[in-house]
Structure formats: structure tokens, C-alpha cells
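Here are the chains, one letter per residue:
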Amino acid sequence: MQRYQNHGTSVASSPSPAALVEEIHAEEEECEEEQEVFQETEGRPAPVEQKNGKRSDAGDAGGGPKSSVFTWFVVLALLGVWSSVAVVYFDIVDYDSVIARAQEFRMNFSEVLQGKLAAYDTDADGDFDVEDAKVLLGLKGATVLKEGGPPEERTEKTSEPEVETSTQRGPEPVKEGAPAAEETSVPGSQDVESEIQAAVPLPPFVDSQFVPDDPAGDEHPYEETNAIDTTGVLVEGPQSEETGVESGRYLTSSKVSQKAEPEEPPEAAAEPTLTPEPAVQPEPAAEPQTGTIGPTEDRQEADGAAEKPAEEQKEKAKKKKPKLLNKLDKTIKSEIDAAERLRKKGKLEEALKAFDSLVRLHPQSPRVRYGKAQAEDDLAEKLRSNDLLQRAINTYGEAAELPDPTPDLLRAALKRRAERQQFLGRMRGSLATLQKLVDIFPDDFSLKNDLGVAHLLLGDNKGAKKVYEEVLAVAPSNGFAKVHYGFILKAENKIAESIPYLREGLESGEPGTDDGRFYFHLGDALQRVGDDSAYHWYELGHRRGHFASVWQRSLYNVEGLKAQPWWTPQETGYTDLVKMLERNWKTIRDEALTVMDRARGRFLPEEENLREKGEWGQYTLWQQGKRVGNACQGVPKTCSLMERFPEATGCKRGQIKFSVMQPGTHVWPHTGPTNCRLRMHLGLVVPRPGCRIRCTNQTREWEEGKVLIFDDSFEHEVWQEADSYRLIFIVDVWHPELTQYQRQTLSPI
């Protein structure tokens, strides 16, 4: 304002030009000062002059910049809290995918690191591993691959057939696209205990959902494709008190809750020569009434010496590298190695594309075709595809048909082809492939042994017997042939003749002989001829991990389940089912008697060779969790009562059936196939006295209208010495400690 007043005054008084110039310069300086003040205040409003002459900054009235920063801090904090609540409550973040990406990064990083270390690959197997480190540290000499091919994982295995054991895991095969059948017809007797314990080495079941075929006419009690427990493992329980058999033949440590009176041990009896693996601590020697069975130190030393040749054979088989490259293959070795590395690293799709490309470029290369078959095989397992597995089977055959394959490649391709055919249930195709192998390699006893197993899987015991007789004629000490030949003799009910073959085969310690089923059948045969050394073999089977205890000899088990021979209804948790059975026992009895009178043929004879003598018939309503044909039409009220209890009707490892036993019947001591079930017996018609059942060292009698509950994976035996028939109702239920998931996923037996 002062400036404008001076300017007006100067115009009126007509100042001099020099004065005007000075005023203009003064105005310019004032403008520059105002701009500087504006920049310093960063655009804040000009100070306001108050009445008391003081100036106040207009921005301070709103709290200033400090207040704004604090406000925004509070807002952001609140937003963060609510965002965290939203993430947790509404599950916004997929933590599984985050973890998966982290694992993928780790795998990719591992592959990159492996590539960095390729320069230190001393054995030329395509990666840096422990063996390479040993060479670099001077602990081992470098290995030179003469043929130049990468080691084949599949062909490094011994030539003996793989033995299926109950320790394998994985979900059961599921029919692709096939609706679940509500009913099924089961021919013959439904007591499959002896059938399940059949001693046959089966092709390996992998963790997949491949669908084995159901070839008509190919089923046989020896074949166990539908009885494999792919999730359970053997139960190795803690040692418990010594117990005794009521018949007074044997005392041993087992998982039973009863105690026996101590008895004085007589002189030691002769024992077979076989020692448990050193890793397993043997149990204290048991005290039988008719002879001790604990192995002596001398025998243990002899056993160790007997096992050395078998171990040496295994080592030699592992060290020998297969020669898979012919002259043509050696010219393209680098391309084959590159594709093979992709397969071994799990990049199966890329590996298959690489081998496909090589097949188009080199259609006459057996090694390339074999690599393609392996890639298809691995990818089929990964994708759980039967169609892709069938392609692999065909490609294995193509590789064997090409000109000039090496003997090792020819053998590996056809052997793997036979194994995968067996897996898909193509037993006849597998038999033809193995027969071709035997024709090409007539001096290879392991292939003949495989051929014998293929005959057994088809139910052709005569064909298998002929094969094993040929092997034993040339190699009389072949342990694998002996145990299988012994099994065939036992299946023919030539009990005494089977014993030396089974015993000597187990004593050989050869690959494929240390199987729980051979211990089972040898012990069973010895029991039937009254030889107490049966329990010695059961003890060895237990020490080697095949049996949960000397008493509990089931082979398809789930680990950790409570194990005791006798149960009360309260212990099972199935009190409602027991009450229903005991309340309605007369209704159930009357329907069973009606069926016996009108259709006695429905009571099929027991065909599992469990009887020493007598007659034993069974009428099955449910088998493997499914109704059996139209069996319920004869007993509609009984079936209606049972349908309310899925723990019984849905038990895929049991049966629901009537059992009638005539006077003079004796059932050999035997065990069921699995620890996954409990068995209920409802007495319907029980003549007195003379009808009794022994489970381990306790013997009980049935009562009409009352339920007995026991675990039939423990040894049990039955006598019917009354004057008339005995009729009971058998109901199998899931073991109460099995989870719902286990009940749904366990394979049926």
C-alpha cells in the first residue's frame, strides 16, 4: 500500500526521471523478496497480523504439518489391522500356493546349483553326488563308463522277481469311469483267509490309481491283486508277557493280555538254520513244553555264513552296469544322455518330447526306443494313466523287436514289459513275454522263476510246477524255486512233501525267499503234521518283521492298532450293534434255518483247506463291503437289521455270513489276513457240550443269543464235537481305531 501511495504522489508532483528509475528498481527488489519468502514458506498462506500487533501463521490453526503426519500414521495403522483381519477371516491369501511356489523355487535353485557342479561330475552320470565327492576327496577311485551310457536305474536291480509285501503303501487302484457295483457274486466259500496268505511274489503296486484289468478266467486263489494292502504296514509291537497254548504245545512272547504259568523247559529240540537280521533285537527264548526253540550261537554263526553268498550276489548285481548301447546308439550317445538326464530329473514331458524327436531321427535305435518307453512309463505313473502305460508296454515291445539290440537292453525291455503287463492285469500277455525271454535266455534261472510265478498268477499250478521242476533239475539248490515248489505241493495238500522245500528255500536266504507268506505256509504245514518247530519259524518270521507277533500272523496290517485276542462290546464301541444282534437273535436264527431247510445248497462248503476233518458250510450275505448277489432275498429281515450298521456292511476287509458246522469237524489253527477288522460270532444253534473256539491261549464256548468278539488276525482253532450241527452268525466290523479316511481308502480283502 505504501508503494502505491508513493507512486501516486510522485505523479502528482511530477518527479524527475532519475527518481522514477530508482522507484522502479526498488519495486523489482521487493518482488524478488516476496518470491523468496513464498518459496521458503512452501506455499503457506501469508501471516495474518492480529489486533495486538503480533503475527500468526495461518497454517498453524489447522494443526500444522506435524498433526497431518500423525493423522495419516493412525489411518494407515488402522487400515493394516483391518487388512490383516480380512486376510485371515476371508482366507484371501492362498498359503498353500505360496508354499508351493517357494518349494518350486527351491527345486529350480537346486537344479541351477547342480548345473554349476556338473564340472565336478567324476563318474559321468550327469550330476554331482556323494560318489563324486568321494572321488574328489581321494576316498574312491574315479569310475569310467566303458559304454558311455548313463546308468539305468531300472536295470540295476537284480534279476529276481520282485516280491509284493504288505509294507507297500499307496491308494488302492480305482476303476476309471466305472460305477461302483452295489452287489457282487462271490463263488465258493467266502472265508478267504488261506487265499490271502498265498505265497506269490506280485508285480509292484506303485502310488497311483492305475486300473488293473479284471481278466475273465484269470482269477485264482494264488493271485492277490485285489488283496494288496497299499497303505498298511506290519505291526511291530512291544514285547509282552509270556503266554501259553491251551494244548500245552508251546509258550512264546506275544501281544496277548493273559499270563501263563511258568513251566520247566525240557531238552532242546533240533531247529532249522536261519538267523534273523542283525538289526532286529531277538526276543528272549520262549519255553515250550516239548522242547526249546531259541537259536544257539553256533547256529547263528552258521546262519551268518549262509547269508554271505546271497549278499555277495546282490552286490555283484548292483555293481554290474548294463550295456544298453549298440554301434548306432554310440554315435548319438550325447543326444541320448541329454534326454535321459531330463527323465532322471523328473522333467518327464520334456524327456518324452526329446525321445520322440530322437525316434523320428533314428527309428532303428533300440536305446532311443527304450528311453521313450521309460519316459512313457514314468509319465504314466505320474499322471496315473492306464492308456499311457499301455503305450509304454507297446514301446518296450518295439524296442525289443528292433535289429541289433544289446542282450542287456533286450532283457531289460522285455522284463519291464512283463512287469507292467502284470500290473494292468494282462497275465496272459505277461506270460507270453516271459516265455519269449526264457526262449532267448534259456540258461537264466531267474527268468524261469519269473515264468513260474506268471503261471501261478494265472492259476496254472501244473504249468508252474513243471517250470520249477526244470529249474531244480539243473539247479537243485535254487532257493527261489524251492519255496515256490513247496508252496505248490502244499496247495496240492501234500503237506509233508512241501516242508523240506519250504524250509530249505528259506534257509538259502536267496533274494525273493524272505517273505512272510513262506514263513506262514511252512509253519502251517509243520503244525498240521504235529511238529512244534512251527512256532520256531513263526518266531523267525516275527523277528524279521513279517508278523506282529508269534500269535498275530496276519500279513496286511495297519500300524499302531490295538492288538488283543478277545474284546468286550464296550472296548469295541459297537455296543448298539451287539445289542441289536442279541435282541433279534431268534429272528436271525429262524431265517437261517429256513434257508437251510429250503435251499441247503446255498451253504457252500469251505474250500480254503482249513479243515482237518468234518463238514463246514457258509452262506455269505456281504463280502468286501458289498452285497453278494441275491443272497439277502432268503433272509430279508436279517439284511434289513444289518443295513443300519455301516461299520459291518461297509467293512471292505470282512464278511457277514452264516456258518454251519457238522459234528466231528476240526479246523486247523490259522489266522486271518488283516488286523483291520474284528469278528463277532452270534450263537444261533449251539449244542452242548463240545463246541468251542480257541484264540491264542484262551478257549471259549458259544452261547445261543450271545455275541463273542475276537481279533481273528491272532491264531485261532475250532472244534465241533457235539451230537448235532452248530449254527452261528458271523459279522466282521472295522477295527474301532481306524479313521474314516482309512476305512475309505484301504484296499478290500
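Keep in mind it's a predicted model, so treat the numbers as computed, not measured.

Just checking my understanding: could you explain the overall build of the protein for this structure?
Tallying secondary structure elements over the protein gives 26 helices and 18 strands in all. Within the span of the protein, comprising 749 residues, buried residues form 48% of the whole. Taking as baseline every contact in the protein between residues at least 6 positions apart, the subset at least 24 positions apart corresponds to 72%. As displayed, the protein offers around 37300 Å² of accessible surface, 53% of which is attributable to carbon and sulfur atoms.

I keep staring at unusual backbone geometry and nothing clicks. Help me out?
With an omega dihedral of -10 degrees, the bond running from R688 to P689 counts as a cis peptide bond. Mapped onto the fold, P689 is located in the loop between β13 (677–685) and β14 (691–695). With a phi angle near 55 degrees, R384 is a residue other than glycine that sits in the positive phi range. Among the secondary structure elements, R384 is positioned in the loop between α11 (366–383) and α12 (386–401).

Would you take a moment to explain the packing of aromatic side chains for this structure?
Two aromatic rings are characterised by how far apart their centres lie and by the angle between their planes. Under the defined criterion, the tally for this structure stands at 10 aromatic pairs. Relative to Y396, the ring of Y370 has its centre 6.0 Å away and its plane inclined at 55 degrees; by these criteria the two rings are tilted. Highlighted residues: Y370 in helix α11 and Y396 in helix α12, separated in sequence by 26 residues. Between Y535 and Y538 the ring centres are 5.7 Å apart and the planes differ by 80 degrees, which places this aromatic pair in the edge-to-face class. Of this pair, Y535 and Y538 both sit in helix α20 (residues 534–543), three residues apart, which is roughly one turn of the helix. Each member of the pair, Y535 as well as Y538, carries the same accessibility label: buried. Over the ring of Y538 we find R553; its NZ or CZ atom is 3.6 Å from the centre of that ring.

I'm lost on the sheet that holds strand β12 (residues 665–670) in this one. Help?
In a beta sheet, neighbouring strands pair by backbone hydrogen bonds and run either parallel or antiparallel. Pairing in this open sheet of five strands is antiparallel, and the strands run β8-β12-β17-β14-β15 from one edge to the other. Edge positions in the sheet fall to β8 (611–613) and β15 (698–700), since each has one partner strand and no second. Going across the sheet, the axis of each strand differs from the next one's by a mean of 20 degrees, ignoring polarity. In the sheet, β8 pairs with β12 via two bridges, with the strands oriented antiparallel. Bridge pairing links K613 to H666 in β12.

Whenever I open this one, the pairing of strand β17 (residues 716–720) confuses me. Can you help?
Each regular strand displays side chains that alternate between the two surfaces of the sheet. Across the five residues that make up β17, a large majority, five, are buried. Taken together, the five bridges between β14 and β17 define a ladder with antiparallel strand orientation. Looking at the pairing, R692 lines up with W719 of β17.

How should the nonpolar core be read in this particular structure?
Across soluble globular proteins, nonpolar side chains show a tendency to be buried alongside one another. The biggest cluster of nonpolar side chains holds 44 residues, and the ones touching the most others in it are L577, L581, F658 and F729. Listed in part, the 28 residues of the second largest apolar core include L414, V438, A464 and F487.

Help me understand the state of the cysteines, please; the structure alone is not making it clear to me.
Working definition: the covalent bond between the sulfur atoms of two cysteines is a disulfide. Taken as a whole, this structure holds one disulfide when the rule is applied. Residue C632 pairs covalently with C639 via a disulfide, S to S 2.1 Å. Judged by the torsion about the S-S bond (-85 degrees), the C632/C639 disulfide is left-handed. Given a relative accessible area of 9%, C632 falls into the buried group. Note on C639: relative accessible area 2%, which makes it buried.

I keep staring at the confidence of the model for the protein and nothing clicks. Help me out?
Note that predicted coordinates carrying low pLDDT should not be read in detail. Per-residue confidence for the protein gives a mean pLDDT of 74; residues scoring 70 or more make up 60%. Predicted confidence for residues 37–45 stays below pLDDT 50, and this span has four contacts to residues more than four positions away or in other chains. Within the model, pLDDT remains below 50 along residues 143–307, and this stretch shows 446 contacts once partners closer than five positions in the same chain are excluded.

Rules used in this analysis
Residues numbered from 1 in each chain as written. Predicted model: local features only at pLDDT ≥ 70, side-chain atom pairs only at ≥ 80, totals over all residues. Heavy atoms only, no water. Helix = DSSP H or I, 4+ residues; strand = E, 2+ residues; numbered from the N terminus. Buried < 20%, exposed > 50% of the residue type's maximum accessible area, 1.4 Å probe, protein only. Contact = heavy atoms within 4.5 Å. Areas by Shrake-Rupley, 256 points an atom, 1.4 Å probe, with all protein chains shown as cover. Phe/Tyr/Trp six-rings, centres within 6.5 Å; stacked < 30°, edge-to-face > 60°. Lys NZ or Arg CZ within 6 Å of the ring centre and 35° of its normal. Pairing = 2+ DSSP bridges. Axes fitted to C-alpha atoms, helices over the stretch in contact; angles between N-to-C directions. Core = buried A, V, L, I, M, F, W, Y, C linked by side-chain atoms within 4.5 Å. Disulfide = S-S within 2.5 Å. pLDDT = per-residue confidence, 0-100.

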